[in-house]
Amino acid sequence: IGTHRVETASRVFGGEQLRFVVALNAFASFQVRPGFSRYGGDMYFSEAGMPVLVVTPDGTEVSRGSRDWQYWKFVWRSSLASMVTLQDHLHMAHYKVAN
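In this report, the structure presented in the accompanying data block is examined. Since we're looking at a predicted model, the values are computed, not measured.

Calculation rules
Residues numbered from 1 in each chain as written. Predicted model: local features only at pLDDT ≥ 70, side-chain atom pairs only at ≥ 80, totals over all residues. Heavy atoms only, no water. Helix = DSSP H or I, 4+ residues; strand = E, 2+ residues; numbered from the N terminus. Contact = heavy atoms within 4.5 Å. Pairing = 2+ DSSP bridges. Axes fitted to C-alpha atoms, helices over the stretch in contact; angles between N-to-C directions. 1 Å grid on protein atoms, 1.4 Å probe; cavity = no way out; pocket = protein on both sides within 12 Å on 5 of 7 lines; lining within 4 Å. Points joined across faces, edges and corners; volume = space filled by probe spheres on them. Nonpolar A, V, L, I, M, F, W, Y, C, P; charged D, E, K, R; others polar.

Structurally, the position occupied by Met43 is in strand E3 (residues 42–46). The residues contacting Met43, other than those within four sequence positions of it, are Phe20, Val21, Val22, Pro51, Leu53, Val54, Trp69, Lys73 and Trp76.

Here is the structure:
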């Protein structure tokens with residue numbers, strides 16, 4: 001899911017070249033109900049396709065193995081599934097193509 005959102009990147013982090021990104025921080029401005037976390041997170045991947053870094057909506061860099069890594073991976077994955085469903089599927093298929 002979401003492979004159509006992969007973009008090339010040229011970023012170095014911790015001495016590792018990050019070649020790909022799936023950027024979801026643009027969705028951080030979506031309103032959510034009280035008590036829920038914001039959407040977002042830009043996930044950077046190594047040349048081998050392994051996740052290495054998440055840049056949070058406030059610009060914090062969370063690296064693989066850090067204390068908050070599992071949380072931000074979950075936020076990013078949840079944001080990706082939500083945006084693919086809302087924007088890519090519902091908006092494109094049901095609102096644009098069907099009409």
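Once the structure has been displayed, the description carries forward.
In this section: the sheet that holds strand E2 (residues 16–23). Strand order in the open sheet formed by five strands is E1-E2-E3-E4-E5, and the pairing between neighbours is antiparallel. Looking at strand neighbours, the two that pair on one side only are strand E1 (7–13) and strand E5 (61–63), the edges of this open sheet. Sheet twist, expressed as the mean angle between neighbouring strand axes with direction ignored, is 30 degrees. Across the sheet, helix H1 (residues 69–97) lies against E2, E3, strand E4 (51–55) and E5, angled at about 80 degrees from E4, the strand it touches most.

Right, let's get into the layout of surface pockets. Volume-wise, the largest pocket comes out at about 170 Å³. Lining the largest pocket, in full, are Val32, Phe36, Ser37, Arg38, Tyr39, Tyr71, Phe74, Val75, Ser78 and Ser79. Residues that form the lining of the largest pocket fall into these classes: six nonpolar, three polar and one charged.

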